[in-house]
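# Examining the three-dimensional arrangement
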Amino acid sequence: MQLTPSIRSALAAGAAVTVLFAGAGAAAAAPATPKAPATAPPAPATAPAAATAHSPYAQLRPLATFSAERLATADLVAAAKWGTSSPIDDPAREQEVLKSVAEQARQLGADPAATTRIFRDQIEANKVVQRGLYRQWDANPAQAPTERPDLQEVRKEINRVNGELVRAIAASPRARSAPSCTPLLTVAAAQVRAERQLDGLHTVALARALPSVCARG
C-alpha cells in the first residue's frame with residue numbers, strides 16, 4: 001500500500017495518541033447522574049487530511065463514533081439495574097444481540113464472524129462502564145441514580161445504535177484490513193473522546209470496545 005503524505009500524517013498522529021488509552025485510568029470520576037443518549041451525534045471535529053469521502057479514515061471514524069454512542073447507553077443500563085436483582089452480566093441478552101447483529105451482517109453481505117467479534121468487545125466495554133459506575137455508587141451513595149430508566153426503552157436505543165454500527169462494519173472491510181487501520185482508528189477514537197469529553201471510565205471503555213475492529217492477520 002502506497003501511503004500519501006496526508007495518510008502518513010494521520011499515521012504519525014495515531015502513534016502519538018496511542019498513549020491516550022494506556023494512561024486513561026478507570027479511577028477518573030464518572031458522571032454522577034446517567035444522561036440520556038443524544039438524539040444526534042455531536043458535530044465532528046476537523047478530521048485528518050486523509051479523511052476523504054471513501055478514505056480508510058472516513059470508513060473507520062463511524063466505528064469509533066457509534067462505539068462511543070453505544071457506551072452512553074451503558075450509564076442508563078447501570079441506572080436501570082442499580083438496586084435490583086438484575087445482574088450486569090446477562091448471557092441470554094448478549095447472545096440475543098450477537099445473533100441479531102450476525103443476521104443483520106448477513107443481510108448486508110458483510111462478514112457475520114467479524115461483526116460478532118467486534119460486538120463481543122462492544123458488550124464487554126459496556127460492562128466496563130456499568131461495573132465502574134457501580135463501584136462509584138457503592139463508594140459514594142449520594143451520587144447513585146435517584147430515577148430508574150425503563151430498561152426496555154433503553155434497549156430500543158441500543159438496538160438502534162447496534163444497527164448503525166453493523167452498517168459501519170459492513171461499509172469498512174478494506175479499511176479494517178489495511179495496515180493503517182490501527183493508527184487511523186486510534187486517531188478517530190481520540191477525536192471522538194475529545195468531542196464527547198469522555199471521562200476516564202468511558203475512555204477506558206472506548207479502548208475496550210475497539211480492539212477487534214482491525215482485522216487480524
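Please refer to the structure placed before this passage.
Figured I'd write up the structure that's included with this text. Remember, predicted model here, so these are calculated numbers, not experimental data.

Criteria and cut-off values
- Residues numbered from 1 in each chain as written.
- Predicted model: local features only at pLDDT ≥ 70, side-chain atom pairs only at ≥ 80, totals over all residues.
- Heavy atoms only, no water.
- Phe/Tyr/Trp six-rings, centres within 6.5 Å; stacked < 30°, edge-to-face > 60°.
- Helix = DSSP H or I, 4+ residues; strand = E, 2+ residues; numbered from the N terminus.
- Buried < 20%, exposed > 50% of the residue type's maximum accessible area, 1.4 Å probe, protein only.
- Disulfide = S-S within 2.5 Å.
- Polar contact = N/O pair within 3.5 Å; in protein donor to acceptor, adjacent residues only side chain to side chain.
- 1 Å grid on protein atoms, 1.4 Å probe; cavity = no way out; pocket = protein on both sides within 12 Å on 5 of 7 lines; lining within 4 Å.
- Points joined across faces, edges and corners; volume = space filled by probe spheres on them.
- Axes fitted to C-alpha atoms, helices over the stretch in contact; angles between N-to-C directions.
- Parallel < 35°, antiparallel > 145°, perpendicular 65-115°, else oblique.
- Left-handed = near helix turned anticlockwise from the far one by under 90°.
- Contact = heavy atoms within 4.5 Å.
- Nonpolar A, V, L, I, M, F, W, Y, C, P; charged D, E, K, R; others polar.

This paragraph deals with the packing of aromatic side chains. Across all of its chains, the model carries 3 aromatic pairs by this definition. Taking 5.1 Å as the distance between ring centres and 75° as the angle between the ring planes, the aromatic pair formed by Trp 82 and Tyr 134 counts as edge-to-face. Pair noted here: Trp 82 is in the loop between helix H3 (56-81) and helix H4 (91-107) and Tyr 134 is in helix H5 (residues 112-139), with a separation of 52 residues, a long-range link. A relative accessible area of 19% means that Trp 82 is categorised as buried. On the numbers, 5.3 Å between centres and 75° between planes, the contact of Trp 82 with Trp 137 is edge-to-face.

Before going further, it helps to spend a moment on the state of the cysteines. Inspection of the entire model under this criterion finds 1 disulfide. In this model, Cys 181 is linked to Cys 214 through a disulfide, with the two sulfur atoms separated by 2.0 Å. Between Cys 181 and Cys 214 the disulfide shows an S-S torsion of about -85°. By sign, it is left-handed. Residue Cys 181 is located in helix H8 (residues 181-196), and its partner Cys 214 is located in the segment after helix H9 (200-209); the two are separated by 33 residues in the primary sequence.

Right, let's talk about H9 for a bit. Across the 10 residues that make up H9, a large majority, 7, are buried. Of the residues making up H9, those classed as buried are Gly 200, Leu 201, His 202, Thr 203, Ala 205, Leu 206 and Ala 209. Two or three places before Leu 201, at the opening of H9, Asp 199 has a side-chain oxygen 3.3 Å from that residue's backbone nitrogen.

Here the focus is unusual backbone geometry. For Gln 197, which is not a glycine, the phi torsion comes out positive at approximately 50°. Along the chain, Gln 197 turns up in the loop between H8 and H9. According to the relative accessible area criterion, Gln 197 is exposed, its value standing at 69%.

To continue, consider empty space enclosed by the protein. The tally for this structure, following the rule as stated, stands at 1 cavity of 30 Å³ or more. Within this model, the largest cavity holds a volume of roughly 220 Å³. Together, 15 residues line the largest cavity, and Arg 70, Val 77, Arg 93, Gln 130 and Ile 158 are the ones closest to its centre. Elements with a contribution of two residues or more to the lining of the largest cavity: H3, H4, H5 and helix H6 (151-170). Per-element tally for the lining of the largest cavity: the top contributor is H5, with 4 residues.

Moving on, we come to the packing of H5 against H9. Across the interface, H5 lies against H9 with an axial gap of 7 Å and an inter-helix angle of 160°. For the element pair H5 / H9, the angle class is roughly antiparallel. Our pair here, H5 against H9, has a crossing hand that is right-handed. Contacts between H5 and H9 involve Ile 118, Asp 121, Gln 122, Glu 124, Ala 125, Val 128, Val 129, Gly 132 and Leu 133 from the former and Leu 201, His 202, Val 204, Ala 205, Arg 208 and Ala 209 from the latter. Residues of the contact of H5 with H9, tallied by class, amount to 9 nonpolar, 3 polar and 3 charged.

By themselves, these figures tell us nothing about what the structure is for.
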